[in-house]
Amino acid sequence: AQKVTQAQTEISVVEKEDVTLDCVYETRDTTYYLFWYKQPPSGELVFLIRRNSFDEQNEISGRYSWNFQKSTSSFNFTITASQVVDSAVYFCALRGPNQAGTALIFGKGTTLSVSS
Amino acid sequence: DVKVTQSSRYLVKRTGEKVFLECVQDMDHENMFWYRQDPGLGLRLIYFSYDVKMKEKGDIPEGYSVSREKKERFSLILESASTNQTSMYLCASRSGRFTMNTEAFFGQGTRLTVV
């Protein structure tokens, strides 16, 4: 079965702190894709990153970085020097070849609150 | 920019009413999806469509139906709304029916309250 677990329901930090959002996934597929989406208070999910199962290279984009480790089935997301605008719900998602419609399977989300 | 537009941000309906949630995308995407988002449960797939007039059930299709008469439009129908269908509904679209590496684009969501 395919599953995505985001164990952290809510995280609160103060501006400029670093914060890591955890994502653990389960799949029997050898080819799959992992995604992170951000949902700000406005409601629309915004795509952040996609990573395929053959590419374990970590990625950095500004204050955002992602650590993909197949050995631990994890795809963690770190925000460096957090800002109030980072406050949102963050979703990790998985897509494999055998899922209906190749739809995304989402974790339950982590609500990040950044205070000034 | 890809745009997925949901017809309403907020809706209040009465129990037993037939409710239509509309979604339109402007990028000629083959795939369209309806998700439901509830606190503590994340996003759950209700229905999806990979082509005009084609539809497939997702994880929680009970109480819902869908219609896709045109490629750009995907409608979610609550045949007889119930209070347990009070939720945030999100529409998404994606290109490439059999591809896995394209990201999905989401609408802004419709917050439906059934009273």
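Details of the structure are given in the entry above.
The structure displayed is predicted, hence computed values, not measured ones. (Residues numbered from 1 in each chain as written. Chains lettered and ligands numbered in written order. Predicted model: local features only at pLDDT ≥ 70, side-chain atom pairs only at ≥ 80, totals over all residues. Heavy atoms only, no water.)

Residue and element names in this part refer to chain A. Even without being glycine, Ser73 reaches a positive phi, approximately 50°. With respect to the helices, strands and loops of the structure, Ser73 is situated in the loop between strand 8 (64-69) and strand 9 (74-79). Unusually for a residue other than glycine, Ala81 sits at a positive phi of about 50°. Within the secondary structure layout, Ala81 lies in the loop between strand 9 and strand 10 (88-95). (Helix = DSSP H or I, 4+ residues; strand = E, 2+ residues; numbered from the N terminus.)

The partner chain A presents 23 residues to the 22 residues of chain B that form the contact. Interface area, chain B with chain A, both sides summed: about 1900 Å², of which 59% is carbon and sulfur. Seen at the junction of chain B and chain A, the total is one salt bridge. Linking Glu103 of chain B and Arg50 of chain A is a salt bridge whose minimum nitrogen-to-oxygen distance equals 2.6 Å. Scanning the region where chain B abuts chain A turns up six residue pairs in polar contact (both at pLDDT 80 or more). Within the residue set of the side of chain B that touches chain A, elements represented by two or more residues are strand 4 (31-38), strand 5 (42-49) and strand 9 (87-94) of chain B. With four residues, the single largest contributor to the side of chain B that touches chain A is strand 5 of chain B. Considered class by class, the residues forming the side of chain B that touches chain A number 10 nonpolar, eight polar and four charged. (Contact = heavy atoms within 4.5 Å. Buried area = accessible area lost by both parts, 1.4 Å probe. Salt bridge = Lys/Arg side-chain N within 4 Å of Asp/Glu carboxyl O. Polar contact = N/O pair within 3.5 Å; in protein donor to acceptor, adjacent residues only side chain to side chain. Nonpolar A, V, L, I, M, F, W, Y, C, P; charged D, E, K, R; others polar.)

Taken as a whole and assessed by the stated rule, the structure comprises two disulfides over all chains. Each disulfide pairs two cysteine sulfurs, and for Cys23 of chain A the partner residue is Cys92 of chain A, the sulfurs being separated by 2.0 Å. Between Cys23 of chain A and Cys92 of chain A the disulfide shows an S-S torsion of about -65°. By sign, it is left-handed. Residue Cys23 of chain A is found in the loop between strand 3 (19-21) and strand 4 (24-26), and its partner Cys92 of chain A is found in strand 10; the two are separated by 69 residues along the sequence. Each member of the pair Cys23 of chain A and Cys92 of chain A is classed as buried. A sulfur-sulfur distance of 1.9 Å marks the disulfide that ties Cys23 of chain B to Cys91 of chain B. Looking down the S-S bond of the Cys23 of chain B and Cys91 of chain B bridge, the torsion is -80°, so its handedness is left-handed. With Cys23 of chain B in strand 3 (residues 19-25) and Cys91 of chain B in strand 9, this residue pair connects regions lying 68 residues apart in the sequence. Look at Cys91 of chain B and you get buried, because its relative accessible area is 0%. (Disulfide = S-S within 2.5 Å. Buried < 20%, exposed > 50% of the residue type's maximum accessible area, 1.4 Å probe, protein only.)

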